[in-house]
Amino acid sequence: MENGKESTGDSRLDLAVTQWLQYDKNPKTAAAVRSMVKDKAMSELQKCFGARMEFGTAGLRAAMGPGVSCMNDLTIIQTTQGFCAYLEQCFTDLKQRGVVIGFDARAHPPSGGSSKRFACLAASVFISRGVPVYLFSDITPTPYVPFTVSHLGLCAGVMVTASHNPKQDNGYKVYWANGAQIIPPHDKGIAAAIEQNLEPWPKSWDTDGALQSSLLNDPYQDIHREYCKTIQQHCFHRELNKNSEVKIVHTSVHGVGHIFVQAAFKAFDLHPPYAVEEQKDPDPEFPTVKYPNPEEGEGVLTLSFALADKEGATVILANDPDADRLAIAEKQESGQWRVFSGNELGALLGWWIFQCWKLQKGEGKASIKDVYMLSSTVSSKILRAIAVKEGFHFEETLTGFKWMGNRARELMDQGKTVLFAFEEAIGYMCSPAVLDKDGVSAAAIAGEFVSYLASKKKTLSNQLRSIYEEYGYHISKNSYFICHNQDTIKQMFERLRNYAGENSYPKDCGGFAITAVRDLTTGYDSNQPDNKAILPTSKSSQMITFTFANGGVATIRTSGTEPKIKYYTELCAAPGNSDLNQLKTELDNLVDAIVEHFYQPEKNNLTPRPE
């Protein structure tokens, strides 16, 4: 291999490495591969070249480093060439409309990779084909990319980010012309086009030339201004905001969010939130947190609690590093901090946005039939309870904002109003200007909501209790087990499908009667007249939902990006049933039964979620 030099002794690996060294012009990754070959580091080579990263609906996400299984200069070029070729097939006006590319602050010095570098390479691929590129000149939140696609009417968008993943990871997230993330069959089409365009095109590496090109535009100032202008249509209490005494702390967890959330607060005439000094500037090392994920709750918020206590603030807003998610914590009368779950925030924000819509519409019921809210099927059903009582529509989609964004676009194209969409993983779409989760607009809307409640001498916790008392308590308990063995996972789900003989699902679970089963892997739904599920099914992932006689719902599913078998459970009580302790005990017992009878952690050697 490589001019008769060293060989690994594995012909398939030799071929992959030879091709790599022919194509890779990044001195750091090329040198790393040469040294692995020289040292015959077979397990390392196998890890880097064993399998190419799979391009799916979420695009790519992997560690930065050398080889086809990692994010690096060459795999970014190959991916963008495939994406560009696919767009050329789909859009005759690609060269008139163009694409937008954004990036976060991630960097990996050992391999020379960084989000900015990857974004520049992607731009140079498109420009080499005569496609106009709107490349942000600086870091932006992820929601700015779908906003730009919709606002400028572009064919597609790319965001280089790994969101809240560990620091060594990066990702390549793709948006379609409708402003939402891609859904099938585009993922398969792009993946096939990548395989057909592995050899770098003549000008793909020429970032210097691309950055001088007349096809390159910097949308940063215009889009930032337009975004802040657009979200102002969701501001309903400007005078109140100006005079509010509420003190709020904000952390961007070493990500991109700081300046954008400050600007969003300004757009709402809210007092600027106190920024957590140690975390406000982007830092790819994420030095103050174990995981840069506000979903993990208190560990990520330690510095925020300290600042809030010092300044006398009662509410904390936290974005993840690419600012598309939002966590909220509130100080309780006891002095303890309460970190709200994603489902609780879905209830609060959904209720608030509906109140604001009513205020704007002046109670005119004529148009309420055209109002929609969405959530993913593993999220709380609280919006359904509010919709039933108030008269608007609620719809569930498959898990992930790609489904909610695409469904929202379909409804908007039919003249409907989509007020709100959310998923339990602290993702909220509070404005149809961004058809994806957006932690920046959600932060400003939450800021106004908190100010409004304070003017009524209420807190978020008070308001959440009022919502549950009016529409029925919805309490949830979500967690996961870790399992690295695919066969074990498959056997566990197959056992549930053939529980008491072939093709028979469980009728009860540890004494809890099951009234309905929906299996989105096979497409079975016992609630439908023909037993066929309405939501799209996917054989490539496992997902079964059980409905229980006591009002409980439990979904068991595999994760698309991690070795986890997740469970999402919720107990929905009728309005008026407010014995919260009894409901919590019942849900705990139900979860224990599901773990014991369906997961069988000892038998299946499953590792519980680390505390």
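On a predicted model such as this, the values are computed, not experimentally measured, just so you know.

Caption draft 1: A look at the domain arrangement of the protein chain. As assigned here, the protein chain comprises domain 1 (51–217) and domain 2 (472–608). When each unit is reduced to the centre of its C-alpha atoms, the spacing between domain 1 and domain 2 is 37 Å.

Caption draft 2: Structural detail: the packing of helix 14 (residues 342–361) against helix 15 (residues 382–390). The interhelical angle for the contact between helix 14 and helix 15, taken along N-to-C directions, is 25°, at an axis separation of 9 Å. Classified by the angle their axes make, helix 14 and helix 15 are roughly parallel. Here helix 14 runs over helix 15; the crossing is right-handed. Together, Gly346, Ala347, Gly350, Phe354 and Lys358 of helix 14 and Ile382, Leu383 and Glu390 of helix 15 make up the contact between the two elements.

Caption draft 3: Layout of the pairing of strand 2 (residues 99–103). Among the five residues of strand 2, five are classified as buried, and the element is accordingly described as predominantly covered. Burial of strand 2 is two-sided: the residues Val99, Ile101 and Phe103 facing one way and the residues Val100 and Gly102 facing the other way are all buried. Of the strand pairs in this sheet, strand 2 and strand 6 (residues 156–160) are connected by five bridges, and their pairing is parallel. Looking at the pairing, isoleucine 101 lines up with valine 158 of strand 6.

Caption draft 4: Examining the UniProt feature "domain: Alpha-D-phosphohexomutase alpha/beta/alpha" (unreviewed entry) in the protein chain more closely. Within the UniProt annotation, "domain: Alpha-D-phosphohexomutase alpha/beta/alpha" (unreviewed entry) is assigned to residues 53–197, 226–331 and 343–471. Between the end C-alpha atoms of residues 53–197 there is a gap of 15 Å, over a span that is 38% helix and 19% strand. Secondary structure over residues 226–331 splits into 34% helix and 16% strand, and the C-alpha atoms at its two ends are 34 Å apart.

Caption draft 5: Summary view of the sheet that holds strand 5 (residues 133–135). Read from one edge to the other, the open sheet built from six strands follows the order 1-7-6-2-5-8, with strand pairing classed as mixed. Among the strands making up the open sheet, the edge pair consists of strand 1 (60–63) and strand 8 (216–217). Note: strand 5 against strand 8, two bridges, orientation parallel. Bridging across to strand 8, tyrosine 134 finds its partner in asparagine 217. Sheet strands in contact with helix 4 (residues 73–90) are strand 1, strand 2, strand 6 and strand 7 (169–175), and its direction is about 5° off that of strand 7.

Caption draft 6: Geometry of the nonpolar core. Within the largest apolar cluster, 177 residues are counted, with the highest numbers of intra-cluster contacts made by Phe83, Phe420, Tyr428 and Ile556. Sorting elements by how many residues they give to this core places helix 14 first, with 10 residues. Both of domain 1 (51–217) and domain 2 (472–608) provide at least three residues apiece to this core. Each residue touching phenylalanine 420, except ones within four places of it in the same chain, is listed here: Gly346, Leu349, Gly350, Ile353, Tyr372, Met373, Leu374, Leu383, Tyr428, Met429 and Cys430. Counting residues in hydrophobic clusters, the runner-up holds 11 residues, among them Leu374, Met404, Ala408 and Ala421.

About the thresholds
Residues numbered from 1 in each chain as written. Predicted model: local features only at pLDDT ≥ 70, side-chain atom pairs only at ≥ 80, totals over all residues. Heavy atoms only, no water. Domains from an automatic or database assignment. Axes fitted to C-alpha atoms, helices over the stretch in contact; angles between N-to-C directions. Helix = DSSP H or I, 4+ residues; strand = E, 2+ residues; numbered from the N terminus. Parallel < 35°, antiparallel > 145°, perpendicular 65-115°, else oblique. Left-handed = near helix turned anticlockwise from the far one by under 90°. Contact = heavy atoms within 4.5 Å. Buried < 20%, exposed > 50% of the residue type's maximum accessible area, 1.4 Å probe, protein only. Pairing = 2+ DSSP bridges. UniProt positions renumbered as here; feature names shortened; annotations may be inferred. Core = buried A, V, L, I, M, F, W, Y, C linked by side-chain atoms within 4.5 Å.

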